[in-house]
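# Examining the three-dimensional arrangement
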Amino acid sequence: MTTLTFYFQVHQPFRVRPYQYDEIGKNHDFFDDWLNEDVVKRVTSLCYLPMNDVLSRAIDRTDGAVKCAFSISGTALRQFELWAPEALESFAALAEKNDSVEFFCETSRHSLAALADEEEFALQVDQQRALLKKHFGVTPTTFRNTELILSPDVARQVEALGFDLLVGEGADGLLRRPHEPARHPGQLFHAEGVPGLPILLRDYPFSDDIAFRFSNQGWEEYPLFAPTFLRWLEELPEERRVVGLFMDYETFGEHQPKSTGVFEFMDEMLDLVAAHERIDFSCPRELPGRLDAPVELAFDRPYSWADAERDLSAWLANPMQRSAHEAIYELGPRARAAGGELAETWRDLTTSDHVYYMSTSADTDGDVHEYFSPYPSPHDAYVTVMNALEDLRRRV
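Now for a look at the structure at hand. Because the structure is predicted, anything quoted here is derived from the model rather than measured.

### Let's talk about empty space enclosed by the protein
A complete count under the given rule lists one cavity of 30 Å³ or more for this structure. Volume-wise, the largest cavity comes out at about 30 Å³. Among the elements that line the lining of the largest cavity, the one with the most residues is helix H12 (residues 319–330), at three residues. Taken together, the residues of the lining of the largest cavity sort by class into five nonpolar, four polar and no charged.

Put into structure tokens, the structure is as follows:
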């Protein structure tokens, strides 16, 4: 039996407006509320509401056989409260289907705190737990670190916070080691030195067929139809016990527009799998009880699901990114000591998107960074964030 595990990441950052040097010490309003409101309302209309409807109807008509999981960043939840309450209500309605829908925990700010500030990492995890309890009445048992960043140290921190499962990227560097047989992501793993925390890996070829290649008319499999995708799943060897389909939720309606047929594809594919004799759905939290004991993973570096490198270079490759990252976390102890609004403003600046916008990657990865960035250039992103940090530094 092969089980299909859908996990969707929902995230919206609080983007910083073009904050000028001469505003430091005079104007403490950093965030571009007009742009943030516009984006979350647009994506709610294009993605969150219609795709939630697809999933809700599929769960109902299959008597709960369709299952999926979400991780919704704390910044996205706050934007829903401010500007898109209908999105929050829609996700809350899915949460009521609790046997079929799981909610993961992550850091409340979608931050890189696990890499830089263990105390802050734990605090942001606690904040996110409280948000999930407040909005959905759930206590998460699965953890998703920002951008699936995974290492033994991350696993150690997550295990210490009491989670039962961690998700990560099924990167080739983890699964295809020199002089060793190639592994596949269709089983559970654990990080070296952390045997007590199972890890579920993303199957990136299958995931990217939907998330990236679906509307690519140059792809040899275009157009992709649900029966074709099901046939690929049927052809998997028996040892591929689980297929982790992890993707940004904005895939549906935003990155892959409605005109591509992506909603119809998902609608049909969910029904086909639900009716299948040898393929079913699982929430990730169910898998430790269904699969064999975890196999150890050896790490040569941290891994993520970003860019071709699947490492930390999307956020920390160039001097601007490293400088900003260091400046952000250097301010952490003083911001926490100040408390209140100052601490929470600082936390919004820890969101990983801010250093992501400073990337100078080339080729396709550079196009992706540019697509998401609200700034004319990586240098503009760097100057904006450093100006905001300087104002905050003077106040804490």
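After that view of the structure, there is still more to cover.
### Quick word on the packing of aromatic side chains
What the rule picks out here adds up to 30 aromatic pairs. Taken together, a centroid distance of 4.6 Å and an interplanar angle of 20° make the contact between Phe103 and Phe136 stacked. Linking Phe103 in strand E3 (residues 101–103) with Phe136 in helix H5 (residues 118–136), this pair joins segments that are 33 residues apart in sequence. Phe136 carries the same exposure label as Phe103, and that label is buried. Seen in terms of ring centroids, Tyr357 and Tyr375 are 5.8 Å apart; in terms of plane orientation they differ by 65°. Their pairing is edge-to-face. Pair noted here: Tyr357 is in the loop between helix H15 (353–356) and helix H16 (363–372) and Tyr375 is in the loop between H16 and helix H17 (378–395), with a separation of 18 residues, a long-range link. These aromatic residues form a ring-pair network of at least three members: Phe6, Phe8, Tyr48, Phe70, Phe80, Phe91, Phe103, Phe136, Tyr249 and Phe252. Over the ring of Trp219 we find Arg213, and its NZ or CZ is 5.9 Å from the ring centre. The lysine or arginine in question, Arg310, covers the ring of Tyr204, its NZ or CZ lying 4.7 Å from the ring centre.

### A word on the packing of helix H1 (residues 33–61) against helix H3 (residues 85–95)
One way to put it is that H1 packs onto H3 with a least axis distance of 10 Å and a crossing angle of 20°. Between H1 and H3, the interaxial angle falls into the category roughly parallel. Seen from above, H1 lies across H3 with left-handed handedness. Side by side, H1 and H3 meet where Thr44, Tyr48, Leu49, Asn52, Leu55, Ser56 and Ile59 of the first sit next to Glu86, Ala87, Ser90, Phe91 and Leu94 of the second.

Quick notes on the rules
Residues numbered from 1 in each chain as written. Predicted model: local features only at pLDDT ≥ 70, side-chain atom pairs only at ≥ 80, totals over all residues. Heavy atoms only, no water. 1 Å grid on protein atoms, 1.4 Å probe; cavity = no way out; pocket = protein on both sides within 12 Å on 5 of 7 lines; lining within 4 Å. Points joined across faces, edges and corners; volume = space filled by probe spheres on them. Helix = DSSP H or I, 4+ residues; strand = E, 2+ residues; numbered from the N terminus. Nonpolar A, V, L, I, M, F, W, Y, C, P; charged D, E, K, R; others polar. Phe/Tyr/Trp six-rings, centres within 6.5 Å; stacked < 30°, edge-to-face > 60°. Buried < 20%, exposed > 50% of the residue type's maximum accessible area, 1.4 Å probe, protein only. Lys NZ or Arg CZ within 6 Å of the ring centre and 35° of its normal. Axes fitted to C-alpha atoms, helices over the stretch in contact; angles between N-to-C directions. Parallel < 35°, antiparallel > 145°, perpendicular 65-115°, else oblique. Left-handed = near helix turned anticlockwise from the far one by under 90°. Contact = heavy atoms within 4.5 Å.

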